[in-house]
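# Report on the structure
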Amino acid sequence: MAILKNPSVDDIVSSSILLWSALLILVCLLGDVLCSFASQSLLLWRAVADNMIHGAVGVVAWAVVVMPGFSVDKWGQCLLCGLLASVIDLDHFWQAGSFQLQDAVSLQQRPLFHSTSLVLVLSALLWVVSLVFRLYILRKVTCMCAVAWLSHHLRDASRRGLWFPPLGSTPPLPYAVYIGGTVVLSVLMHYGYSGYYQAPSAQERILEVVPKVVVQ
């Protein structure tokens, strides 16, 4: 008689990554279908639909990073990542110097936070600062911002390419590269986050305690 074995932690994690990655692909595909229908409507609805899809992709991309396990904290993180993925579109209004939607979508060049160079440099700097000063929360925020903003850039890049000032822009990315790149970004961040960023190391906990002991 065959003996049923309980799934290991690795099995659960692998299944979770596959499930949420599949859901991420589905959100990307269905989101762009929704935007294609919205393109026939008013400018406002097109802009709202596009921004909502950026947010939805950010939510599910972060779910790939922090799952398995359901908790209020994890869902709150997912929603925050979705908000970060959406809110960078406000730089269109900043660049335009106007709150008029027509002005915001008619820019001659991309606004500041759509620079992939800036996101990569900023993420690297925040990461170094978090290591030097042993700031756990900053590590988490850095990971979240990187996933939110790079997923936004990848989605935009399927239409306009990635912008690397001062070097210039790439050609528009093939749609499959956008989808695959978004999934790979989230999966790689999952292993980096769970393996290193998720909690302070034992050495860091000791270093945080030692100054208190010395002062006492």
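Above this note sits the structure.
Residues numbered from 1 in each chain as written. Predicted model: local features only at pLDDT ≥ 70, side-chain atom pairs only at ≥ 80, totals over all residues. Heavy atoms only, no water.

## Structural notes on the overall build of the chain
Regarding its fold elements, the chain presents nine helices and two strands. Seen in sequence order, the chain has helices and strands lined up from the N terminus as α-α-α-α-α-α-α-β-β-α-α. A burial count over the chain gives 39% of its 216 residues as buried. In the chain, 66% of the contacts between residues at least 6 apart in sequence involve partners at least 24 apart. For the chain, the computed accessible surface area is about 12700 Å², with 73% contributed by carbon and sulfur atoms. (Helix = DSSP H or I, 4+ residues; strand = E, 2+ residues; numbered from the N terminus. Buried < 20%, exposed > 50% of the residue type's maximum accessible area, 1.4 Å probe, protein only. Contact = heavy atoms within 4.5 Å. Areas by Shrake-Rupley, 256 points an atom, 1.4 Å probe, with all protein chains shown as cover.)

## Section: the nonpolar core
Across soluble globular proteins, you tend to see nonpolar side chains buried next to one another. Counting residues in hydrophobic clusters, the biggest one holds 44 residues, and the most contacted among them are Leu24, Val57, Trp62, Val65, Val147 and Trp149. Of all the secondary structure elements, the ones that give two or more residues to this core are helix 1 (9–38), helix 2 (43–66), helix 3 (72–87), helix 7 (136–160) and helix 8 (175–197). In terms of residues, this core owes the most to one element, helix 2, which gives eleven residues. Sequence-distant contacts of Val65, defined by excluding residues within four places in its chain, comprise Val147, Ser186, Met189, His190 and Tyr193. (Core = buried A, V, L, I, M, F, W, Y, C linked by side-chain atoms within 4.5 Å.)

## Some words on the environment of Lys74
In this structure, Lys74 sits in helix 3. We classify Lys74 as buried; its relative accessible area is 17%. Considered as a pair, Lys74 and Ala63 are eleven residues apart in the sequence and their alpha carbons are 7.8 Å apart.

## Quick notes on the packing of aromatic side chains
If you walk through the whole model with that rule in mind, you get three aromatic pairs. Measuring from ring centre to ring centre gives 5.4 Å for Tyr175 and Tyr178, while their planes differ by 70°; the resulting arrangement is edge-to-face. One end of the pair is Tyr175 and the other is Tyr178, both in helix 8 and three residues apart, which spans about a single turn. Looking at Tyr175, the relative accessible area reads 36%, which means it is partly exposed. Its relative accessible area of 0% is what places Tyr178 among the buried residues. (Phe/Tyr/Trp six-rings, centres within 6.5 Å; stacked < 30°, edge-to-face > 60°.)

## Focus: the pattern of salt bridges
As enumerated under the stated definition, the model contains five salt bridges in all. The shortest N-O distance in the salt bridge between Asp32 and Arg155 comes to 3.0 Å. Residue Asp32 is found in helix 1, and its partner Arg155 is found in helix 7; the two are separated by 123 residues along the sequence. (Salt bridge = Lys/Arg side-chain N within 4 Å of Asp/Glu carboxyl O.)

## Observations concerning the packing of helix 6 (residues 116–132) against helix 7
Direction vectors running N to C along helix 6 and helix 7 enclose 170°, while the axes themselves pass 9 Å from each other. Considered as vectors, helix 6 and helix 7 are oriented roughly antiparallel to each other. Note on element contacts: helix 7 touches helix 6 through Leu138, Arg139, Thr142, Ala146, Trp149, Leu150 and His153, opposite Thr116, Val119, Leu120, Leu122, Ser123, Leu126, Trp127, Val129, Ser130 and Leu131. (Axes fitted to C-alpha atoms, helices over the stretch in contact; angles between N-to-C directions. Parallel < 35°, antiparallel > 145°, perpendicular 65-115°, else oblique.)

## A word on unusual backbone geometry
The amide bond that connects Pro165 to the next residue, Pro166, takes the cis arrangement and shows omega of 5°. Structurally, Pro166 can be placed in the loop between strand 1 (163–164) and strand 2 (168–169). In this model, Arg134 sits at a positive phi of 50°, which is unusual for a non-glycine residue.

## A look at helix 7
The end-to-end C-alpha separation of helix 7 is 35 Å, in line with the 36 Å expected for 25 residues at 1.5 Å each. Of all 25 residues in helix 7, 19 are buried, a share of seventy percent or more. (Expected span 1.5 Å × (residues − 1).)

## Here we look at the packing of helix 2 against helix 7
Helix 7 packs onto helix 2 with a crossing angle of 135° between their chain directions and a minimal axis gap of 9 Å. The angle between helix 2 and helix 7 falls in the class oblique. When you trace helix 2 past helix 7, the crossing you get is right-handed. Contact residues: Asp50, Ile53, His54, Val57, Gly58, Ala61, Trp62 and Val65 in helix 2; Lys140, Cys143, Met144, Val147, Ser151, His152, Arg155, Asp156 and Arg159 in helix 7. For the contact of helix 2 with helix 7, a count of residues per class yields eight nonpolar, four polar and five charged. (Left-handed = near helix turned anticlockwise from the far one by under 90°. Nonpolar A, V, L, I, M, F, W, Y, C, P; charged D, E, K, R; others polar.)

## Quick word on the side chain of Ser98
Tracing the chain through its elements places Ser98 in the loop between helix 4 (91–96) and helix 5 (101–104). For Ser98, a relative accessible area of 17% puts it in the buried group. Within the structure, the side chain of Ser98 is placed 2.9 Å from the side chain of Asp103, a separation counted as a polar contact. For Ser98, the residues in contact, after removing those within four places along its chain, are Phe93 and Asp103. (Polar contact = N/O pair within 3.5 Å; in protein donor to acceptor, adjacent residues only side chain to side chain.)

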